[in-house]
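Read off the chains here:
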Amino acid sequence: MKHTGGCHCGRIEYEAEIDPEDVIICHCTDCQTLSGSAYRTVAFTAPDGFTLTKGHPTVYVKVADSGRERQQAFCPTCGSPIFAAPVGEGPKVYGIRVGTLHARTALPPKKEYYCDSRLDWLPEMGDAADMPG
Ligand SMILES: [Zn+2]
Ligand SMILES: [Zn+2]
């Protein structure tokens, strides 16, 4: 389904093709730090299912312990995280930051990832199926 979103200050706007079954919470420590929050909620796009309609995000390339690189895109003015995507050529699946989607209330997460680093004061999240980190 086609969704629209944007950053807090309005400099960045986008369209994304999202499967509502492919929305997750990530409890990994990188997501905690990069989001500045307890966890991150992510909606994955279809391959190349992301189009900027306004503005250009700043990209920070995160290098994982495995050496794998991943782009982290955010608004250069207000800092809202917009998406993560693989580095390099080829069709890309984008991990959209659900808090920037206009229809975020209609996109509840279906799974939780990296529960080993889940903060233990978080309440249970209903039907979201736990996946071990
Ligand atoms: Zn902004
Ligand atoms: Zn994560």
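In what follows, the structure referred to is the one given above.
Colleague: I tried to follow the nonpolar core on my own but got confused; where do I start?
Modeller: The tendency in soluble globular proteins is for nonpolar side chains to be buried side by side. Core analysis: the largest hydrophobic core is formed by 27 residues, its most contacted members being Cys26, Ala43, Ile82, Phe83, Ile96 and Val98. Among the secondary structure elements, those contributing two or more residues to this core are β2 (13–26), β3 (40–54), β5 (69–74) and β6 (81–86). Ranked by the residues each element gives to this core, the list is headed by β2, at 7 residues. With residues near it in sequence (within four places) discarded, Val98 still touches Val23, Thr41, Val42, Ala43, Arg104 and Leu107.

Colleague: Looking at this structure, how should I read the environment of Cys75?
Modeller: Within the secondary structure, Cys75 is located in the loop between β5 and β6. On the basis of neighbour count, Cys75 is assigned to the buried category, with 21 C-beta atoms found within 10 Å. Other than its neighbours up to four places away in sequence, Cys75 contacts Cys7, Cys9, Arg11, Ile12, Pro57, Ser80 and Ile82.

Colleague: I'm lost on the pairing of β3 in this one. Help?
Modeller: Relative to β3, β2 runs antiparallel, the two being bridged by 9 bridges. Looking across to β3, one finds that Tyr14 is bridged to Leu52. Two strands pair when backbone bridges link them, and β3 and strand β7 (residues 95–97) are joined in this way by 3 bridges, in the antiparallel orientation. The residue bridging Phe44 from the neighbouring strand is Gly95, located in β7.

Reading the values: rules and limits
- Residues numbered from 1 in each chain as written.
- Chains lettered and ligands numbered in written order.
- Predicted model: local features only at pLDDT ≥ 70, side-chain atom pairs only at ≥ 80, totals over all residues.
- Core = buried A, V, L, I, M, F, W, Y, C linked by C-beta atoms within 7 Å.
- Buried ≥ 20, exposed ≤ 12 C-beta atoms within 10 Å, placed from the backbone.
- Helix = DSSP H or I, 4+ residues; strand = E, 2+ residues; numbered from the N terminus.
- Contact = placed C-beta atoms within 7 Å.
- Pairing = 2+ DSSP bridges.

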